[in-house]
Amino acid sequence: MSGVTASAATDRRGSPFAGVFLRELHGYLITPVAWLFSVIFLLSAGAFTFYLGAFFERGQADLDPFFRFHPWLYLVLVPALAMRLWAEERRSGTLELLMTLPIHAWQAVLAKFLAAWLYIGCALALTFPMWLTVNYLGQPDNGVILAGYLGSFLMAGALLAISECLSVLTRSQVIAFILALAVCFLFLLAGDPLVQQPLLALGSNRAADALSDLSLLAHFQAIASGVLDLGDIAYFVLTIVFWLAANALVLAARRGG
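Here is what the cut-offs are and how they apply
Residues numbered from 1 in each chain as written. Predicted model: local features only at pLDDT ≥ 70, side-chain atom pairs only at ≥ 80, totals over all residues. Heavy atoms only, no water. Helix = DSSP H or I, 4+ residues; strand = E, 2+ residues; numbered from the N terminus. Rg over C-alpha atoms; globule rule 2.2 N^0.38 Å. Buried < 20%, exposed > 50% of the residue type's maximum accessible area, 1.4 Å probe, protein only. Contact = heavy atoms within 4.5 Å. Phe/Tyr/Trp six-rings, centres within 6.5 Å; stacked < 30°, edge-to-face > 60°. Lys NZ or Arg CZ within 6 Å of the ring centre and 35° of its normal. Salt bridge = Lys/Arg side-chain N within 4 Å of Asp/Glu carboxyl O. 1 Å grid on protein atoms, 1.4 Å probe; cavity = no way out; pocket = protein on both sides within 12 Å on 5 of 7 lines; lining within 4 Å. Points joined across faces, edges and corners; volume = space filled by probe spheres on them. Nonpolar A, V, L, I, M, F, W, Y, C, P; charged D, E, K, R; others polar. Axes fitted to C-alpha atoms, helices over the stretch in contact; angles between N-to-C directions. Parallel < 35°, antiparallel > 145°, perpendicular 65-115°, else oblique. Left-handed = near helix turned anticlockwise from the far one by under 90°. Expected span 1.5 Å × (residues − 1). Arc of directions from axis to C-beta. Polar contact = N/O pair within 3.5 Å; in protein donor to acceptor, adjacent residues only side chain to side chain.

Chemist: Help me get a handle on the overall build of the chain, residues and values and all.
Modeler: When you go through the chain residue by residue, the secondary structure sums to 15 helices and 0 strands. Here the chain has a C-alpha radius of gyration of 19 Å; the compact-globule value for 257 residues is 18 Å, and the two agree. Taken along the three principal axes of its C-alpha coordinates, the chain extends 55 × 50 × 30 Å. Put simply, the chain has 257 residues, and 47% of those count as buried. Residue pairs in contact within the chain that sit at least 24 positions apart in sequence constitute 76% of those at least 6 positions apart.

Chemist: Please set out the packing of aromatic side chains residue by residue, giving values where relevant.
Modeler: Taken as a whole and assessed by the stated rule, the structure comprises 15 aromatic pairs. Between F66 and Y149 the ring centres are 6.0 Å apart and the planes differ by 50°, which places this aromatic pair in the tilted class. Taken as a pair, F66 in helix 4 (residues 64-68) and Y149 in helix 10 (residues 142-167) lie far apart in primary sequence, 83 residues in all. Neither residue differs from the other here; F66 and Y149 are each classed as buried. Pairing F67 with Y149 gives two aromatic rings, centres 5.2 Å apart and planes at 90°, and the pair type is edge-to-face. A residue pair is termed long-range when its members are at least 10 positions apart, and F67 in helix 4 and Y149 in helix 10 qualify at 82 residues. A residue is classified by how much of its surface remains accessible, and F67, at 5% relative accessible area, is buried. Clustering of aromatic rings is evident, with ring pairs tying together Y28, F37, F41, Y74 and Y119. In this arrangement the basic side chain of R84 is found over the ring face of Y28, its NZ or CZ atom lying 5.7 Å from the centre. Directly above the ring of W86 sits K112, whose terminal nitrogen or CZ lies 4.6 Å from the centroid.

Chemist: So what's going on with the pattern of salt bridges? Which residues, and what values?
Modeler: The full count for this structure, using the stated rule, is 7 salt bridges. With a shortest N-O distance of 2.8 Å, E24 and K112 are connected by a salt bridge. Highlighted residues: E24 in helix 2 (residues 16-30) and K112 in helix 8 (residues 105-125), separated in sequence by 88 residues. Among the residues examined, K112 registers a relative accessible area of 0% and is labelled buried. Here K112 ties to E89 by a salt bridge, and the two come within 3.1 Å at their closest N and O atoms.

Chemist: If you had to explain the layout of surface pockets to someone new, which residues and values would you point to?
Modeler: Here the second largest pocket is characterised by a volume of approximately 230 Å³. Considering the residues around the second largest pocket, the lining is formed by 14 residues, among which L63, D64, F67, R68 and A224 are closest to the centre. Taken together, the elements giving at least two residues each to the lining of the second largest pocket come down to helix 4, helix 5 (70-82), helix 10 and helix 14 (216-224). Ranked by residues supplied to the lining of the second largest pocket, first place goes to helix 14 with 4 residues. Residue composition of the lining of the second largest pocket, grouped by class: 9 nonpolar, 1 polar and 4 charged.

Chemist: Now, about the packing of helix 6 (residues 84-92) against helix 10: what can you tell me, with residues and values included?
Modeler: Where helix 6 meets helix 10, the axes come as close as 7 Å, and the angle between the chain directions of the two elements is 15°. With respect to helix 10, the element helix 6 is oriented roughly parallel. When the axes of helix 6 and helix 10 are compared, the crossing they make is right-handed. Each of R84, L85, W86 and A87 in helix 6 lies in contact with helix 10, whose residues at this interface are L160, E164 and S167. Across the contact of helix 6 with helix 10, the residue classes break down as 4 nonpolar, 1 polar and 2 charged.

Chemist: Can you tell me about helix 11 (residues 173-188), naming the residues and giving the values?
Modeler: With 16 residues, helix 11 extends 22 Å from end C-alpha to end C-alpha; this agrees with the ideal 22 Å at 1.5 Å per step. Burial in helix 11 covers these residues: A176, A180, C184, F187 and L188. The arc that holds the buried residues of helix 11, viewed along the axis, is 90°, so those residues lie on one side. The exposed residues of helix 11 that point more than 90 degrees off its buried face are V174 and I178. For helix 11, the N-terminal cap is S172; the gap from its side-chain oxygen to the backbone nitrogen of V174 is 3.3 Å.

Chemist: Summarise the side chain of T239; cite the residues concerned and give the values.
Modeler: Secondary-structure assignment places T239 in helix 15 (residues 230-256). Look at T239 and you get buried, because its relative accessible area is 9%. At 2.7 Å, the side chain of T239 and the backbone oxygen of Y235 are in polar contact.

See the structure below:
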């Protein structure tokens, strides 16, 4: 990250947390990867909804085809957005300088996470023409659509927390991306037969059941169906907290070392 000196000046004008948060947010406005994320997300979401999702051919006033492809878009785009969060700091040598600032490791982790999550939320909000379109064409259940947006935002947050944590383990953005892609894929499909069958074949039924409960896809689909169960929301919140805490522990260990 190239603005640690500028960030230090910013921190002197406000809290260190706000300084890191605003620096990260500003970075998304000037980073080509961030803009590429928004463009690819919006174009892909539209293309998948109208072509692969057969939006018009279904003759139903809902956004099911729209939300159906979100997990797979996030699976690639969120790790791509998050791969630079810590890997770039390590590669450029600014991580050590950042850690000399009067800021706790958990504050730095949370500030980076919230800035990236807010950016993803803005990209998600820009899909509002989809909502307007389906309301123009029919009378959808807007409560279900709102639940779908909430589930999508929570799922993006969980994938982002995982990706940010893995980014701190390496100096290479490419390796950070591949690691995040693999782990996010596992968590998305934890309840799928593709992951379950090998465990069942080994006789690990309990492991298969436990892994199935960790499926991001299953919890997202439950919320997107319009059923706001506290357990599904708590799952996403706890997943985010767990990975951010792990990220902060790794960062604190590096500072201590």
